[in-house]
Each structure stands twice: as structure tokens, then as C-alpha cells.
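# Reading the structure
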Amino acid sequence: MLFVGLRLLLYGALAAASLDLVVRAAEAGLLEAITSEDGAIEKAHVWLALATGALLMLAARRREDIPTILRLLSLAALFAVIRELDGFFDELWFKGAYKYLNAPIVLSALFIAVSHRLDLMAEMKNTGMPVSLVLMFLGFFLVVGYSQVVGQKEFWQAAMGQDYTRLVKNTVEESSELVGFLMMFFGAFEAAVFEPRSSG
């Protein structure tokens, strides 16, 4: 339990360090560049989501306790990669192209969930709430819930009135997403490295 606590402290410190890098970029006058659609933070989101998906697939192969859950979470990470690249696909093909690219991922997830529903239900019933899932759900909430709410232009226009600038909205949204993607990556790392291995 001590090692789990130390790892959680390390993850928290790494998340705080990533936010400190955003502050340092702001001090250097680079905030607009790193929070833009194709800026450094957006690229970090993509790489973290790719690494998360890969770790989750590795964990699904080596663990007997929650392989279906891990496969579904891996597909969610792949979905996030394509969603984060929406601007790239809009420019490459057409606006909203990412939705068509994500459709097979959603269909695959639905197929797995339905065809393995009994396994999925048993995994959810028997697994409890390991640290990996807590971190991943926290990260998912930050990316899909919190960041989407605080990233709404109308929210910032109401809060800032005449002083509204898109840069403030982008900074808060992209920074909170960065912490969310880090939490999901840390959760996947826990699932792949530290949590129980298959007995076979």
C-alpha cells in the first residue's frame, strides 16, 4: 500500500509539473503557440492517448481479471486520439471527418460490449475499484466532463465580459485536458505494470 501511495504522489507531482510548464510558457510569451489547435499541448494529448491505448491493450492481454474492460478503455483512448486530431482531419478532408473515422471504433466497442456482455458484467462485479480504474475514470472525467464545460466560449464570455479572450479559454481547457490525459496514462501504466498478472 505504501508503494501505491508513493506512485500516486509521483503522478500528482508529474501532473503539477506539466501545469508548471504551461506557466513557464506563458511567462516566455509562448502561451498562444502551445494552446493552439496544433500546439504542443494538443500534441501531448495525442501521444498520451496513444500510449494509454497501447498500455491498455498490453494489460488486457496479460490480465485475466478485467480484459474486456481494458479492451473497451483502449478503444476509448483510440477514440480520443482521433478526436484530438479533429482539426488535422478537417483540414485534410472535410469538417467533421473525425466522426466518420471514429464510427468504426464506436461500433467495435459496441460489438465487444454486447458479445462479451456476460464477461463484462462479471468483471465489473468482481473487480472492485483498482487504482488504475480510479485514475482512468478521473482522467476521463477531466477530459470529457470538466474540460468541455470550462471550455465553453459562452462561459468565459459571461465570466470575463468585455475582457474575454480566447487565449484564456484555450489555456484552461487544454491544461485541464492535459492533466486528464496524464491521469488516464498513469491509470493505464498501473494496469499494465503494477496490478495483478494472469495466473496462466
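Heads up: these notes are all about the structure in this document. (Residues numbered from 1 in each chain as written. Predicted model: local features only at pLDDT ≥ 70, side-chain atom pairs only at ≥ 80, totals over all residues. Heavy atoms only, no water.)

### Topic: the layout of surface pockets
Going by this rule: Points on a 1 Å grid over protein atoms alone make up a cavity when a 1.4 Å probe fits among them but cannot get out, and a pocket when they form an open set with protein on both sides within 12 Å along at least five of seven lines; lining residues each have an atom within 4 Å of a point. Grid points are joined across faces, edges and corners, and a volume is the space filled by probe spheres set on the points. In this description a helix means any DSSP run of H or I spanning at least four residues, a strand means any run of E spanning at least two, and both kinds are numbered starting from the N terminus. Under this grouping Gly is polar, as are all residues other than the nonpolar Ala, Val, Leu, Ile, Met, Phe, Trp, Tyr, Cys and Pro and the charged Asp, Glu, Lys and Arg.
Of the voids in this model, the largest pocket is the one considered here, and its volume is about 890 Å³. Taken together, 35 residues form the lining of the largest pocket, with Arg83, Glu84, Val143, Gln148 and Glu177 sitting closest to its centre. With 9 residues, the single largest contributor to the lining of the largest pocket is helix 4 (residues 67-84). When grouped by side-chain class, the residues that make up the lining of the largest pocket number 19 nonpolar, 5 polar and 11 charged. As a volume, the second largest pocket reaches approximately 250 Å³. If you go around the second largest pocket, the residues you meet are Glu37, Asp38, Glu42, Lys43, Val46, Trp47, Glu84, Leu85, Asp86, Gly87, Phe88 and Glu91. Broken down by secondary-structure element, the contributors of at least two residues to the lining of the second largest pocket are helix 3 (40-62) and helix 5 (86-92). Per-class residue counts for the lining of the second largest pocket are 4 nonpolar, 1 polar and 7 charged.

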